[in-house]
Amino acid sequence: MAKKRIDKNKNKKIVRWLWAIALTPICVAVVVLFLTAIGTFGRIPSFEELENPKSNLATEIYSDSGKIIGSFFVQNRSYVQYADLFPQDSTAIYTIGDEKLPPLAAALIAVEDARFYDHSGIDFRSLARVGVKTVLLGMKQGGGSTITQQLAKNLFPRNTSSNDGKIARTMRLVGNKLKEWITAIKLEYNYTKEEIVAMYLNAVEYGSNSYGIKSAAATFFGKTPAELNLQEAAMLVGVVNAPTRYSPIRNPENALRRRNLVLSRICSTGAISRAECDSISALPITLNYRPVSHNYGEATYFREMLRLVMTAKEPKRRNYYTEWDYEQALKQYNENPLYGWCHKNHKADGTEYNIYRDGLKIYTTINATMQHYAEAALFKQLQTVIQPAMDKQIRETKVLFNDSSTEEIETIIRRAMRNSDRFRNMKKDGVSEKEIFASFDKKCRMKVFTFNGERDTLLTPRDSILHHKKIMRASFVAMEPQTGHVKAYVGGPSFQYFKYDMAKQGKRQIGSTVKPFIYTFAIDHLGMNPCTLVPNLPVTIETTVGTAWSPKEAGNVEYDGVLHPLKWGLALSRNNYSAWIMKQAKQPEAVADFIHNMGIDGFIDPVYAICLGTFESNVFEMVGAYSTFANEGVHNTPLFVTHIEDRQGNLISSFSSTSQDAVSKQTAYTMITMLKNVITNGTGRRMGWQFGLSDVEIAGKTGTSNDNRDAWFMCITPKLVAGAWVGGEDQQIHLKRRGEGSVMALPIVGDFLTRVYNDPNSKISREDTFPRPALWKEEICDDNVEQKELEDEFFE
């Protein structure tokens, strides 16, 4: 009996030990998981953080129709909802188990987590497989991480430091895995399976600077996620495993094999048949590759201007030449909510908005179609007319910088060197200026811009500067006068090579495009009308400093002494007629103030010569001022953003144009009739005979500064005002012959408007007319009056 009791007690001890041995790992695991959950081995994301995971979301820029035209980003990432993955074609829905899935979800689940709908974040069957086959047997069977675990790893990255020893790295790996498990369970608790799929697709990298499925679909296929077919979805899901190794651009064969593996996995789930799988697998990968970059894409100059405006800091006096310009900049910063928006507005946590990381949605006034027309028209004129004329002039004269001494040319080149990336980078590395300048004379491989495409060549950096200096520049802006909405914006021929924006950033003398403001002053303040007679004679004005000023005419123009109406002087852009008005006005200050009131904010030196456009402005400002004529005398400040939303689509800010009465409806319409005469009988006749717009109500004005340095054309239609400028990067670079605004700048606007009028979706018609004021009375100039009678009337 005693022996039986001893054997029985011994058996109980053995059982207890066996239970202890069996339960100890479980207890240890529970304790370790508990300690991990409370943060003993490192911080675990809270539920609040899981609800709002931090990630670098790109700010998206939208056109007036809701089309994305660009983005600001550190990582090019945009979010989509699960519902945004479903195609409109119901036949492109795939069944895995009991779930009806869009192509992307089907591909993801098939290749990464076939039991996704059967677990709660951790797949113990896969873990067991990994434990037995990979750890014990040394076989490479793949990882056991679920989609949820992979999402946890992407949202809350591991510490991957490799400086520690093997044991420390192993311990850290175990700790990271435990934290991923707990985070995965929390994610499953917080989100639905569909939301987890969408979050995963939004979180991962696909290569080519694409983060998130929305960016990847646009980059590789030019599509939205919902538009992807099964083979495209399979390729994108497959590339996530190793974006470089499986890149369809760098390694197309690897990408094809990986895509076909994903298709095979889809087939194994029963979502498609083997025949379908084989048929699709035989297809090549067909890309519509559109890599996203700040240098490429739509409206590059506009996007950069928008970035500079929204991130602008309060103006400092030292950055402005005149007190006037500084005060105007400060006024704009204080009164325009868009300027410096990122610094003026704060998130809920009190920090400023970051346009590169906060996933803002900026809705602009840009019309994507008109933007395309504008860029095409500008590039075509530069490529086919302007640059060939400049190249021919340089070949014939062997001169790039006109009327410049050797010292002046060297100063220009040295300034360009100092402004180059090469100079800044070498200076930063501690290289002496002597060595830096010497490096500009050593040949190296480089790419240079040409209007026939980028060219790979061997040049010295100095010669590349000269090459790019000879490339002519142009800018263009189109605006809706009734609202102030900017519809198209082009700052130059190539943002990649020519960052300086000549649409808004740069300023040049406006030449004869100032004359409509001078004539408007004559009508509005001096009581004149289009039929007021003025002798075609030289005009001399005694200035306040006791000197005489007498402007000359462009070209070989003779003064015949004949009396002509004001509208004749404007149509032919006669300088003596503008000077005559200034002489009657007697106060250049009053004229300058009047021009400011029309919409020109920049500094205007109040001298008599302002009637020839001696002050500087830009296309953006000029289009806004000319819109006053089309908007019945009311000036609307140009507007290019309507509202901004946060990443969840909540409205943060909205914007509208400000208006002010500049001139009466009667005066504005009178000027429209005079500017129409410029198009039909004056320097703008090319709009009719070259572009077939003689049957359209168009008003406009050409302009050319001294020596053809700047060519302008401003055009007014009932629903759109457009302007173009053409010139060199430096004012010493210009055409000696045929460089007038009517030849160089006008065709850009003419081509643009032709495309717009021919587009039935533009909502701009050839039948559009300018609104005529009810009390307006047309002045009929009597051209049959005897010359002597005209002279008598004038001199009386």
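Our structure's up above, just so we're on the same page.
Anyway, here's the lowdown on the structure attached to this text.

Cut-off values and rules
- Residues numbered from 1 in each chain as written.
- Predicted model: local features only at pLDDT ≥ 70, side-chain atom pairs only at ≥ 80, totals over all residues.
- Heavy atoms only, no water.
- Core = buried A, V, L, I, M, F, W, Y, C linked by side-chain atoms within 4.5 Å.
- Buried < 20%, exposed > 50% of the residue type's maximum accessible area, 1.4 Å probe, protein only.
- Helix = DSSP H or I, 4+ residues; strand = E, 2+ residues; numbered from the N terminus.
- Contact = heavy atoms within 4.5 Å.
- Disulfide = S-S within 2.5 Å.
- Pairing = 2+ DSSP bridges.
- Axes fitted to C-alpha atoms, helices over the stretch in contact; angles between N-to-C directions.
- Salt bridge = Lys/Arg side-chain N within 4 Å of Asp/Glu carboxyl O.
- Patch = residues over 30% accessible without salt bridge, like charges linked within 9 Å, V, L, I, M, F, W, Y side chains within 5 Å.
- Areas by Shrake-Rupley, 256 points an atom, 1.4 Å probe, with all protein chains shown as cover.
- Lys, Arg positive; Asp, Glu negative; His and termini not counted.
- Charge placed at Lys NZ, Arg CZ, Asp CG, Glu CD.
- Expected span 1.5 Å × (residues − 1).
- Arc of directions from axis to C-beta.
- Parallel < 35°, antiparallel > 145°, perpendicular 65-115°, else oblique.
- Nonpolar A, V, L, I, M, F, W, Y, C, P; charged D, E, K, R; others polar.
- Polar contact = N/O pair within 3.5 Å; in protein donor to acceptor, adjacent residues only side chain to side chain.

1. Comments concerning the nonpolar core
Counting residues in hydrophobic clusters, the biggest one holds 139 residues, and the most contacted among them are Phe-476 and Phe-752. With ten residues, the top contributor of residues to this core is helix α15 (residues 368–397). Residues in contact with Phe-752, not counting those within four places in the same chain, are Met-370, Tyr-373, Ala-374, Ala-377, Phe-476, Ala-478 and Leu-720. Counting 54 residues, the second-largest nonpolar core is a separate cluster that includes Val-80, Tyr-82, Phe-221 and Cys-267.

2. Examining the side chain of Ser-494
Positionally, Ser-494 belongs in the loop between β11 (485–490) and β12 (508–509). When residues no more than four places from it in sequence are discounted, the contact partners of Ser-494 are Tyr-301 and Phe-449.

3. Observations concerning the state of the cysteines
One pass over the full model with this rule turns up one disulfide. With its sulfur 2.0 Å from that of its partner, Cys-531 forms a disulfide with Cys-781. Given an S-S torsion of about -95°, the disulfide between Cys-531 and Cys-781 has left-handed geometry. Linking Cys-531 in the loop between α20 (515–525) and β13 (533–535) with Cys-781 in the loop between α28 (746–757) and α29 (787–795), this pair joins segments that are 250 residues apart in sequence. The burial state of Cys-531 is the same as that of Cys-781; both residues are buried.

4. Notes on the sheet that holds strand β2 (residues 68–72)
Strand order across the open sheet formed by five strands is β2-β1-β7-β19-β20, with mixed pairing between neighbours. Whereas interior strands pair on both sides, the edge strands pair on one side only; in this sheet they are β2 and β20 (651–654). For this sheet the average axis-to-axis angle between neighbouring strands, irrespective of direction, equals 20°. Sheet topology note: the strand β1 (residues 59–62)/β2 ladder contains four bridges and is antiparallel. Looking at β2, one finds that Tyr-62 is bridged to Ile-68.

5. Re unusual backbone geometry
With phi around 60°, Asn-209 is a residue other than glycine that occupies positive phi space. By the secondary structure assignment, Asn-209 is in the loop between β5 (205–207) and β6 (210–211). We classify Asn-209 as partly exposed; its relative accessible area is 30%. Not every positive phi belongs to a glycine, and Asp-403 is a case in point at roughly 50°. For Asp-403, the location among the structural elements is in the loop between α15 and α16 (406–418). In this structure Asp-403 comes out as exposed when scored by relative accessible area, which is 59%.

6. So, the pairing of strand β9 (residues 455–459)
Inspection of the sheet shows strand β8 (residues 444–448) paired to β9 by five bridges, in the antiparallel sense. In the sheet register, Val-448 faces β9, and the bridge partner there is Arg-455. Connecting the antiparallel pair β8 and β9 is a turn made up of six residues, with Gly-453 showing a positive phi of about 120°.

7. Re the pattern of salt bridges
All chains considered together, the criterion is met by 28 salt bridges. Where Arg-424 meets Asp-421, a salt bridge forms, and the shortest distance between an N and an O atom there is 2.7 Å. Of this pair, Arg-424 and Asp-421 are both found in helix α17 (residues 421–428), three residues apart, which corresponds to roughly one turn of the helix. Across the pair Lys-469 and Asp-730 runs a salt bridge, and its minimum N-O distance is 2.8 Å. Of this pair, Lys-469 sits in helix α19 (residues 461–469) while Asp-730 sits in the loop between β24 (721–727) and α27 (741–744), and the two are 261 residues apart along the sequence. A relative accessible area of 5% places Lys-469 in the buried class. Within this structure, Arg-415, Lys-469, Arg-473, Glu-729 and Asp-730 form a network of salt bridges that share partners.

8. Side note on the environment of Glu-253
Topologically, Glu-253 is positioned in helix α10 (residues 252–268). Here Glu-253 falls in the exposed class, since its relative accessible area comes to 60%. Once the C-alpha coordinates of Glu-253 and Ile-285 are considered, the two residues, 32 residues apart in sequence, prove to be 9.6 Å apart.

9. Observations concerning a positive patch on the surface
A cluster of like positive charges, contributed by Lys-392, Arg-395, Lys-398, Arg-737 and Arg-738, occupies part of the molecular surface. With respect to the secondary-structure elements, Arg-738 resides in the loop between β24 and α27.

10. Notes on helix α13 (residues 323–335)
Over its 13 residues, α13 runs 18 Å from end to end, which matches the ideal 18 Å to within 8%, given 1.5 Å per residue. Tyr-326, Ala-329 and Tyr-333 are the residues of α13 that are buried. Taken around the axis of α13, the buried residues stretch over an arc of 65°, which confines them to a single face. Relative to its buried face, α13 has exposed residues pointing more than 90 degrees away, namely Asn-334 and Glu-335.

11. Brief notes about helix α11 (residues 274–281)
Since the α-helix turns once every 3.6 residues, residues separated by three or four places project in the same direction. Every buried residue belonging to α11 is among Cys-277, Ile-280 and Ser-281, and all of these are buried. Along the axis of α11, the buried residues cluster in a sector spanning 100°; they form a single face. Contact partners of the buried residues in α11: α9 (230–239) and α10.

12. A closer look at the packing of α10 against α11
It is at 9 Å that the axes of α10 and α11 come closest, and there the two elements cross at 170°. One element, α10, and the other, α11, form an angle in the roughly antiparallel class. Along its contact with α10, which presents Arg-259, Asn-260, Leu-263, Ser-264 and Cys-267, the element α11 presents Arg-274, Cys-277, Ile-280 and Ser-281. Partitioned by chemical class, the residues of the contact of α10 with α11 number four nonpolar, three polar and two charged.

13. Topic: the side chain of Asn-202
On the secondary structure map, Asn-202 appears in helix α7 (residues 193–203). Here Val-80 takes part through its backbone oxygen, which lies 2.9 Å from a polar atom of the side chain of Asn-202. Setting aside its immediate chain neighbours within four residues, Asn-202 contacts Arg-77, Ser-78, Tyr-79, Val-80, Tyr-211, Gly-212 and Ile-213.

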